[in-house]
Each structure stands twice: as C-alpha cells, then as structure tokens.
Amino acid sequence: MTLSVGVDSYVTLSEANSYWLDRNNTTWSAASDAQKEKAIREATQYIDGAYTFIGYMTSTSQSLAWPRAGATVCEGNFEGRTIDSDVIPAQIKAATSELALEALSQRLEPTTTDVISKVKVDVIEVDYADFTPSQKSFAFVTRLLSGLIQSSSTGTSFAQVGLGRA
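Colleague: Quick one: what's the story with the overall build of the protein, residue by residue and with numbers?
Modeller: Looking only at helices and strands, one finds 6 helices and 8 strands in the protein. The N-to-C order of helical and strand elements in the protein reads α-α-α-β-β-β-β-α-β-β-β-β-α-α. Counting the 166 residues in the protein, one finds 36% classified as buried. Here the analysis covers contacts within the protein between residues at least 6 apart in sequence; of these, 56% occur between residues at least 24 apart. Counting only carbon and sulfur atoms, one obtains 52% of the accessible surface of the protein, whose full area is about 9800 Å².

Printed below as a string of structure tokens:
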C-alpha cells in the first residue's frame, strides 16, 4: 500500500525515511515499510485530532486539516509569513515523522482515565468526571507546531500569544 500525501498522511514513506536517515535513527530503519506506513497514518491522525490549527481548510472535501488557507505564522518581531494554501508546512511533516517513530512502539491515542471532579470529606464522597480522555502529550511535537496551533481562547497562534498579539 502506498501513502498518499494530503489524503491519508502528511509525509510520504520516502520523506519519513529521509528525515530519520538524516538523524541516524536505527529504530526507524529497522522497521518494515508496512510498519512505517501504518505509523505515519497514525501520526497524521493524532496530529489532526490533537491540535487546532490557524487558518482554515482549503476544501470541504479534504480529509486532513492541511493544507490550509489564511494561515499566517508570526515569527519573532516580524509580521509573519503566509503559508501557501497548497503547502503542507515543514513543521507538520517533521511532527508527523516524530510521532510516527513513537507510533512504532506505542499507540498514540489517548486512553480514558478517571478524573476526580468532586471530593467531599465528611461522609467520604468522590465523584468522577465522565468520559475524560487522558491526552498523551508529546512536548517536542507541540513545540514544532507552536506557530501553527490556535490558542483555545483567542483563535490566534501560540506564537502570536507569546508575542502579545491577539
């Protein structure tokens, strides 16, 4: 099976292989092509499910969050650069490759855990919140994507929030 960039993954097998070859990663090179392709698809799904991105999808029929239109990344003291609406940014490709390596050894999906929503001390009472997924966190991936992710409260990118821009 061949991965189709923009349809079911953000990187091709060749791109992910090149990414990890440049980093001399033996875990990635030891995996079969089928294992790698499965991992790339899982990484892509994780990214689309875990992050809300700046801009908007270019078509209602596209299956992935990228490419996007109206995505402007603020960098340092510069006003920012607009990402072309037919491009999957390098940060997305790098994040996908990073998560694909993780997916070779573990599921990326969140697991459901019990979260205490209420505690009463007298006549001991504990309430658990319903359906509380425990989101696995991949800090390096989040840093890679930081300029492309919307702040949940303002709709601006984390890079813009860090610069005090709203």
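From this point on, the discussion continues.
Colleague: Residue-level account of the packing of helix 1 (residues 13–22) against helix 4 (residues 90–103), with values.
Modeller: At a closest axis distance of 10 Å, the pairing of helix 1 and helix 4 adopts a crossing angle of 80°. In terms of their interaxial angle, helix 1 and helix 4 are classed as roughly perpendicular. Two secondary-structure elements touch here, helix 1 through E15, A16, Y19 and W20 and helix 4 through K93, A94, S97, E98 and L101. Grouping the amino acids of the contact of helix 1 with helix 4 by side-chain chemistry returns 5 nonpolar, 1 polar and 3 charged.

Colleague: Residue-level account of the environment of M57, with values.
Modeller: With respect to the helices and strands, M57 occurs in strand 1 (residues 56–57). By relative accessible area, M57 is classed as partly exposed at 33%. For M57 and A69, which are 12 residues apart along the polypeptide, the C-alpha to C-alpha distance reads 6.1 Å. Not counting residues up to four positions away in its chain, the partners in contact with M57 are Q62, L64, A65, P67 and R68.

Colleague: Give a description of the confidence of the model for the protein that names residues and reports values.
Modeller: Per-chain confidence: the protein averages 80 in pLDDT, with 69% of residues scoring 70 or above. Taken element by element, the predicted model of the protein shows its lowest mean pLDDT in helix 6 (residues 158–162) (40) and its highest in helix 1 (97). Residue range residues 153–166 is modelled with pLDDT below 50. Its contacts to residues more than four positions away, or to other chains, number 31 contacts.

Colleague: Can you lay out the nonpolar core for me, pointing to particular residues and giving the numbers?
Modeller: Across soluble globular proteins, you tend to see nonpolar side chains buried next to one another. Core analysis: the largest hydrophobic core is formed by 35 residues, its most contacted members being F53, W66, L145 and L148. Of all the secondary structure elements, the ones that give two or more residues to this core are helix 1, helix 3 (33–50), helix 4 and helix 5 (139–145). It is helix 4 that contributes the most residues to this core, 7 residues altogether. Discounting chain neighbours no more than four positions away, the residues touching L148 are T52, F53, I54, W66, V73, I83, P89, Q91 and I92.

Rules used throughout
Residues numbered from 1 in each chain as written. Predicted model: local features only at pLDDT ≥ 70, side-chain atom pairs only at ≥ 80, totals over all residues. Heavy atoms only, no water. Helix = DSSP H or I, 4+ residues; strand = E, 2+ residues; numbered from the N terminus. Buried < 20%, exposed > 50% of the residue type's maximum accessible area, 1.4 Å probe, protein only. Contact = heavy atoms within 4.5 Å. Areas by Shrake-Rupley, 256 points an atom, 1.4 Å probe, with all protein chains shown as cover. Axes fitted to C-alpha atoms, helices over the stretch in contact; angles between N-to-C directions. Parallel < 35°, antiparallel > 145°, perpendicular 65-115°, else oblique. Nonpolar A, V, L, I, M, F, W, Y, C, P; charged D, E, K, R; others polar. pLDDT = per-residue confidence, 0-100. Core = buried A, V, L, I, M, F, W, Y, C linked by side-chain atoms within 4.5 Å.

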